[in-house]
Amino acid sequence: MIEIKNIKKSFGEKVVLKEVSAVMEPGKCNLIIGSSGSGKTVLMKCIVGLMQPTEGEVIYNGKNYITMSLEEKKAIRKEIGMLFQGSALFDSQTVEQNVIFPLDMFSTDKYAVKRKRVKEVLDRVHLAEDAYKKFPSEISGGMQKRVALARAIVLNPKYLFCDEPNSGLDPQTSIVIDKLIKEITEEYETTTIMNTHDMNSVMEIGDHIVYMHQGTKEWEGTNKEIIYSDNQKLNEFIFASQFLQDAKHMRMIQETGEIPKNVHDDVRDALEEKFNTDMDGDGIVGSPAE
Amino acid sequence: MKILREFGEYIKMFKGMFRMPENRSMYWRQFMLQCNDIGIGSLGIISIISVFIGAVSTVQTAYQLVSPIIPKTTIAQIVRDTVILEFAPTLGCIVLAGVVGSKIASELGNMRVSEQIDALEIMGINTKAYLILPKILAGVVTIPLLIIIAMVLGIVGGRIAGSAAGIIDPSIYDNGLLMNFNGYNVFFALTKSFVFAFLITSVPSFYGYHVKGGALEIGRSSTRAVVVSCVLLLLADYILSALML
């Protein structure tokens, strides 16, 4: 289990994280959501140890990562797999070499065993065999993400971190990657922590969701609870995204017949256009046109 | 202040670099890869430059030694000593600072920007030891070898040019090479090349490893790495000459 307690991070005068606390549920897909600049990437980097928090604790199985010895940190890192936003594949190595790299570095298995494992994980992410000898620059963004995911799970990690895995992908490929992450989480029983601002991901795979807003944890709950949340800032974020907009809007219309007044003008315009409804700026809505 | 801060960070870079490797064979492979990149990869340009430097030295020395009382063997002696003492180690390393330095800075910069270094860190790999140390060691091993080759080719280039231009007969040139030869000059040149090799691999590694931003910053850090390496190299050249000659 990963627990973060009162994490604070500042760069000079600028405070990016303000005493964030959360518990990442083991064996589940934990999603950190929020708009750009909300601090979710910094939070993830603090959890994995790529950044040192200014204050607070990151607890892995009851031990504070920040105060651990170098050897203990190394041991934890061997249990971590991470899928980076830009895949972070090694340019000079082929797909196969990228995936075998962690095994070469840390495993004492024979080459044939390592190759078998590489094939196993590349098959798991549904990568065609003809791509094995290609370089990252020769394959598509979606394939790069699959390879990066295969590399992240090749050592059977306990913890899987995904930093905006859908960034730069088309919606269909994003869904495929989301499903893969969900399946791998269940199959390998990993504690997955994923940064995203894609609401499709929230509904598809989010077991436990942490919503960040301007460096603070604004809301925490499940993907079922998010629909019925009354948190104003979360709702603003949700309304700005396409996927939950309809569900949320329908519920509001059914229950109150109004659109919240705090919704941004652009979003209000989009809603009017989408539902073909004249609200005359007074927030009163009629029946949505089908 | 910025220079002092950078210097402090440069020194700090070496802290933590000398730890037990996670897997010795992987580090050895990385070292050999770097030896190939830095050594074999720079052999062509060093060879071309050395031959021409030797050739030009012979022609220009002959042009300046107009007195009939100065024996022609002096041309060979001057070419030999200037090539060994200065042209091969200093000019050769300045060229290598451009070729090798920019490559190291841009390679590490690209790895930093595209999060490849973070990916290695997450795996629990000591990135300074895995990425920087093999480059420095490979440079310290291969660059002095390149400089020895540059010395030989520079002197041979001078011989060919002297003969081709009718300035000096090859046998006279050969005799000149053997006259008043001081082995300490080679020792001095090799000492310089070790120091220069360290500078032209560690300074670009520092700038590349600490890049922040995007493609523009990679270019900037690469340029800065070459400029700083060259300046430090010339400063070291002066200090070593003052101390050792």
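Residues numbered from 1 in each chain as written. Chains lettered and ligands numbered in written order. Predicted model: local features only at pLDDT ≥ 70, side-chain atom pairs only at ≥ 80, totals over all residues.

## Overview of the overall build of chain B
Condition: Strands here mean DSSP runs of E at least two residues long; helices mean DSSP runs of H or I at least four residues long; both are numbered from the N terminus. Partly exposed residues are those falling between the two cut-offs: more than 12 but fewer than 20 other C-beta atoms within 10 Å of their own, whereas 20 or more means buried and 12 or fewer means exposed, with C-beta atoms placed from the backbone.
A tally of helices and strands in chain B yields eight helices and zero strands. Counted from the first residue to the last, chain B has its helices and strands arranged as α-α-α-α-α-α-α-α. Taken along its principal axes, the extent of the C-alpha atoms in chain B is 70 × 40 × 30 Å. Put simply, chain B has 245 residues, and 42% of those count as buried.

## Points about the interface of chain A and chain B
The figure often quoted for interface size is the accessible area lost as the parts come together. Here is the rule: In this description, any two residues whose backbone-derived C-beta atoms lie within 7 Å of each other are considered to be in contact. Only Asp, Glu, Lys and Arg are considered charged in this grouping, and only Ala, Val, Leu, Ile, Met, Phe, Trp, Tyr, Cys and Pro are considered nonpolar; every other residue, Gly among them, is considered polar.
Facing the 15 residues of chain A at the interface are 13 residues of chain B. Counting residues per element, the ones that place at least two in the side of chain A that touches chain B are α2 (70-77), β6 (80-83) and α3 (95-106) of chain A. Sort the elements by how many residues they give to the side of chain A that touches chain B and α3 of chain A lands first, with four residues. Taken together, the residues of the side of chain A that touches chain B sort by class into 10 nonpolar, one polar and four charged.

## Notes on the environment of Met24 of chain A
All names here are of chain A. Locating Met24 in the fold gives a position in strand β2 (residues 14-24). Distance from Met24 to Val210, taken between C-alpha atoms, is 9.2 Å for residues 186 residues apart in sequence. Not counting residues within four places of it along the chain, the set of residues in contact with Met24 comprises Met1, Ile2, Asn30, Thr191 and Ile193.

## Looking at the nonpolar core
Cut-off, in case you're wondering: By convention the nonpolar core is taken to be a set of buried residues drawn from Ala, Val, Leu, Ile, Met, Phe, Trp, Tyr and Cys and joined through C-beta atoms within 7 Å. Each domain's extent is set by a domain assignment, obtained either automatically or from a database.
If you look at the biggest cluster of nonpolar residues, it comprises 126 residues, and the most contacted ones within it are Leu43, Ile47, Met82, Val99, Ala150 and Phe161 of chain A together with Ile200 of chain B. Considering each element in turn, this core owes the most residues, 17 residues, to helix α3 (residues 73-113) of chain B. The residue makeup of this core includes at least three contributed by each of domain 1 (2-223) and domain 2 (224-290) of chain A. The residues touching Phe161 of chain A, leaving out its near neighbours within four places in the chain, are Met44, Val48, Ile80, Met82 and Ile193 of chain A.

## Concerning the confidence of the model for chain B
Defined as follows: Each residue carries a pLDDT score, the predictor's own confidence in it, on a scale running from 0 to 100.
Summarising the model, chain B shows a mean pLDDT of 94, and 100% of its residues fall at 70 or more. Note on the complex model: pTM 0.84, ipTM 0.81.

## Focus on the sheet that holds strand β1 (residues 2-11) of chain A
All names here are of chain A. In plain terms, the rule: Pairing between strands requires that DSSP locate at least two bridges from one strand to the other. Axis angles are defined between N-to-C directions and span 0 to 180 degrees, where every axis is a line fitted to C-alpha atoms and, for a helix, only to the segment in contact.
Read from one edge of the open sheet, four strands run β2-β1-β4-β5, paired in antiparallel fashion. In this open sheet, the two edge strands, each paired with only one partner strand, are β2 and β5 (63-64). Pairing of β1 with strand β4 (residues 55-60), which is carried by five bridges, proceeds in the antiparallel orientation. For Lys8, the partnering residue across the bridge sits in β4 and is Glu55. Against the sheet, helix α1 (residues 40-48) contacts β1, β2 and β4, and its axis sits at roughly 120° relative to β1.

## Considerations on the environment of Leu233 of chain B
All names here are of chain B. Of note, Leu233 is situated in helix α8 (residues 215-244). Separated by 107 residues in sequence, Leu233 and Asn126 have C-alpha atoms that sit 28 Å apart. The contact partners of Leu233, leaving out residues within four places of it in the chain, are Cys93, Ile94, Ala97, Phe196, Leu199 and Ile200.

## Here we look at the sheet that holds strand β7 (residues 159-163) of chain A
Residues and elements named next belong to chain A. The strand order β6-β7-β8-β3-β9-β10 describes an open sheet built from six strands, whose pairing is mixed. Across the chains shown, the open sheet's two edge strands, defined by having one partner strand only, are β6 and β10 (216-221). Within this sheet the neighbouring strands show an average axis-to-axis angle of 15°, counted without direction. Bridging between strand β3 (residues 29-33) and strand β8 (residues 191-196) involves five bridges; their strand directions are parallel. Across the sheet, residue Leu31 finds its bridge partner in β8, namely Met194. Here α1 sits on the sheet in contact with β3, β6, β7, β8 and β9 (208-213), set at roughly 150° to β8.

## Quick look at the packing of α3 of chain B against helix α5 (residues 127-164) of chain B
Describing two packed helices takes the angle between their axes plus the distance from one axis to the other. The test is simple: Each crossing is labelled by how the near helix is turned from the far one, with a counterclockwise turn of less than a right angle marking it left-handed and a clockwise turn marking it right-handed.
With their axes 8 Å apart at the nearest point, α3 of chain B and α5 of chain B run at an angle of 145° to one another. Both α3 of chain B and α5 of chain B take part in a crossing whose hand is right-handed.

## Some words on helix α2 (residues 24-64) of chain B
Put simply, the test is: The length a helix should cover is 1.5 Å for every residue beyond the first. Two axes are fitted around each residue, one to the seven residues ending there and one to the seven starting there, and the angle between them is reported as the bend at that residue.
Between its first and last C-alpha atoms α2 of chain B spans 55 Å; for 41 residues at 1.5 Å apiece the expected length is 60 Å, and the two agree. At Leu43 of chain B, α2 of chain B is bent by approximately 45°, the largest bend along its length.

## Describing the domain arrangement of chain A
All names here are of chain A. On domain assignment, one finds that chain A holds domain 1 (2-223) and domain 2 (224-290). Taken together, the 14 residues of domain 1 in the interface contact 12 residues of domain 2. Of all elements in the fold, only α7 (199-205), β9 and β10 reach the threshold of two or more residues within the side of domain 1 that touches domain 2. Ranked by residues supplied to the side of domain 1 that touches domain 2, first place goes to α7 with four residues. Split into classes, the residues belonging to the side of domain 1 that touches domain 2 amount to six nonpolar, seven polar and one charged.

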